[in-house]
Amino acid sequence: MTYFEAIILGLVQGLAEFLPISSSGHLALIQGLFGIEGESVLLFAVLLHVGTLVSVFICYWKDIWELLVELVVTVKDLCTGNGLRLDERPVRKLGVMIIVATIPTGVIGLLFNDIFEGLYSSFVAIGIGFIITGVLMFLAERMGGSNRGIENMNFRNALFIGTLQGVAICPGISRSGSTLIGGLTTGLRREFAVKFAFLISIPSILGSVVLEVPDAVKAGLDPGLAGPIVVGMLVAAVSGFVAIKTMIKIVSDKKLSYFSYYVWVLGVVTIVLGLFPQIYK
């Protein structure tokens, strides 16, 4: 893998992880076109996820710090018999909802991970995923949400959003897009729906990294890839930061339909490449 390929993959991972266009689908498509074997760059793929995780921490460090502080207070309250008091502590309730949303995501990932991984080598499957993502964004554009914030959120809402995030493990289906439409469907206001979608990406990304680390370590690392890996991680972190800020503005301005048109065209092109591989080979 060259520095150029590392930069392209890092850029795609950072942008597509948080924009509603599916990072998994884009990376699988680019690796297929470049002829990059997944096993040979498995550790690189894991570290790209770490790079995007850094961008979430940078953008939401205040919220993350508040959640960590509240976690300590929660443990103290539980030990002293004061209970959770979710209705009195909005930050605590947000943390609990993040945990609840992560449960169905983790279950789906553990049960169906092998099935989803098998789809990554199929351009047709990836293309269909892109088209589904376009439909999700088209629907999300027409959902105004409401004024519901964390105070009005319930466990059913969190489980529903987490389930959609789990389905997005399928290549071509956007994680951020799925969780966003989940939030809007449950009536969350647009700004909070975006924030919640990005915050629940933290345990999701961490979980995928933990699951992939053993295979990545087993596959080993070519010393010659050290430079490209570092560059790719930096590019993923910077582009991820830009993507998060861009996504917040796009959702507020109700311009998600632009992404629908993009992934629909990309989906059709990807399906054609899958049906006629001689075009790029």
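About the cut-offs
The residue numbers shown here count from 1 along each chain, following its written sequence. In view of the model being predicted, local features appear only for residues whose pLDDT reaches at least 70, and side-chain atom pairs are presented and counted only at 80 or more, with totals across whole chains, interfaces and linings using the full set of residues. Excluding hydrogens and water, the side-chain figures rest on all heavy atoms present in the structure. Each helix is a run of DSSP H or I of at least 4 residues and each strand a run of E of at least 2, with the numbering of both proceeding from the N terminus. Any two residues having at least one pair of non-hydrogen atoms within 4.5 Å are treated as being in contact. Here a pair means two rings of Phe, Tyr or Trp (six-membered ring of Trp) with centres within 6.5 Å. Their orientation is stacked below 30 degrees between planes, edge-to-face above 60, and tilted elsewhere. Structural elements are reduced to axes, namely lines fitted to C-alpha atoms, with helices fitted over the stretch in contact, and the angle between N-to-C directions of any two is expressed from 0 to 180 degrees. For this classification, under 35 degrees means roughly parallel, over 145 means roughly antiparallel, 65 to 115 means roughly perpendicular, and everything else is oblique. Amino acids are sorted into nonpolar (Ala, Val, Leu, Ile, Met, Phe, Trp, Tyr, Cys and Pro), charged (Asp, Glu, Lys and Arg) and polar (every other residue, Gly among them). Across the chain, each position has a pLDDT score giving the predictor's confidence in that residue, from 0 to 100. Definition of nonpolar core: a set of buried residues of the types Ala, Val, Leu, Ile, Met, Phe, Trp, Tyr and Cys, connected through side-chain atoms within 4.5 Å. Note on classification: 1.4 Å probe, protein chains only; a residue is buried when its accessible area is under 20% of the maximum for its type, exposed when over 50%, partly exposed between these limits. What a helix should span is 1.5 Å times the count of its residues minus one. The arc refers to the directions leading from the helix axis to the C-beta atoms. Grid spacing is 1 Å over the protein atoms alone, the probe is 1.4 Å, and a cavity is where that probe fits but cannot get out, while a pocket is an open set with protein on both sides within 12 Å along at least five of seven lines and lining residues have an atom within 4 Å of a point. Grid points are joined across faces, edges and corners, and a volume is the space filled by probe spheres set on the points.

A.B. asks: Please provide a residue-by-residue account of the environment of Met137, values included.
C.D. replies: Its location among the elements puts Met137 in helix α6 (residues 123–141). Here Met137 is in contact with Pro20, Gly177, Leu256 and Ser260, once residues within four sequence places are set aside.

A.B. asks: Describe the packing of aromatic side chains, and please don't skip the residues or the numbers.
C.D. replies: One pass over the structure, following the stated rule, counts five aromatic pairs. An aromatic cluster is built from Phe18, Tyr60 and Phe198, whose rings are joined through pairwise contacts.

A.B. asks: Requested: an account of the packing of helix α4 (residues 61–79) against helix α5 (residues 90–119), with residues and values cited.
C.D. replies: Any two packed helices are characterised by the angle at which their axes cross and by the distance between the axes. Look at α4 against α5: their axes get within 9 Å of each other, and the N-to-C directions meet at 95°. Our classification of the angle between α4 and α5 gives roughly perpendicular. Of α5, the residues touching α4 (which contributes Glu66, Leu67, Glu70, Val73, Thr74 and Asp77) are Val91, Arg92, Leu94, Gly95 and Ile98. In the contact of α4 with α5, the residues fall into five nonpolar, two polar and four charged.

A.B. asks: Residue-level account of the confidence of the model for the protein chain, with values.
C.D. replies: In the predicted model, the protein chain carries a mean pLDDT of 86, and 92% of its residues have values of at least 70. Across the protein chain, the element-wise mean pLDDT spans from 76 in helix α10 (residues 201–219) up to 94 in helix α7 (residues 155–167).

A.B. asks: Describe the nonpolar core, and please don't skip the residues or the numbers.
C.D. replies: If you look at the biggest cluster of nonpolar residues, it comprises 69 residues, and the most contacted ones within it are Tyr60, Leu94, Met153, Leu180, Phe196 and Leu256. Ranked by residues supplied to this core, first place goes to α5 with eight residues. Filtering out sequence-adjacent residues up to four positions away, Leu94 remains in contact with Leu67, Ile150, Phe192, Phe196 and Leu199.

A.B. asks: Explain α4 residue by residue, including any values.
C.D. replies: Taking 1.5 Å per residue as the helical rise, α4 with its 19 residues ought to reach 27 Å, and the 27 Å between its terminal C-alpha atoms agrees with that figure. Buried residues of α4: Asp63, Ile64, Leu67, Glu70, Thr74 and Asp77, and no others. The buried residues of α4 occupy an angular sector of 130° when projected down its axis, which confines them to one face. Residues of α4 that are exposed and point more than 90 degrees away from the buried face comprise Trp61, Lys62, Trp65, Val72, Lys76 and Cys79. Just downstream of α4, Gly81 is the residue with a positive phi angle, here 80°.

A.B. asks: How would you sum up the side chain of Thr74? Please name residues and give values.
C.D. replies: Along the chain, the position of Thr74 falls in helix α4. Its relative accessible area of 10% is what places Thr74 among the buried residues. What Thr74 contacts, discounting residues up to four positions off in sequence, is Leu84 and Arg92.

A.B. asks: An account of the layout of surface pockets is needed here, citing residue identities and associated values.
C.D. replies: A volume near 430 Å³ is recorded for the second largest pocket. As for the second largest pocket, its lining consists of 19 residues, and the residues nearest its centre are Leu67, Leu71, Gly95, Ile98 and Ile99. For the lining of the second largest pocket, the secondary-structure elements that each account for two or more residues are α4, α5 and α10. Here the lining of the second largest pocket takes seven residues from α5, the largest share from any one element. In terms of residue class, the lining of the second largest pocket is built from 14 nonpolar, three polar and two charged.

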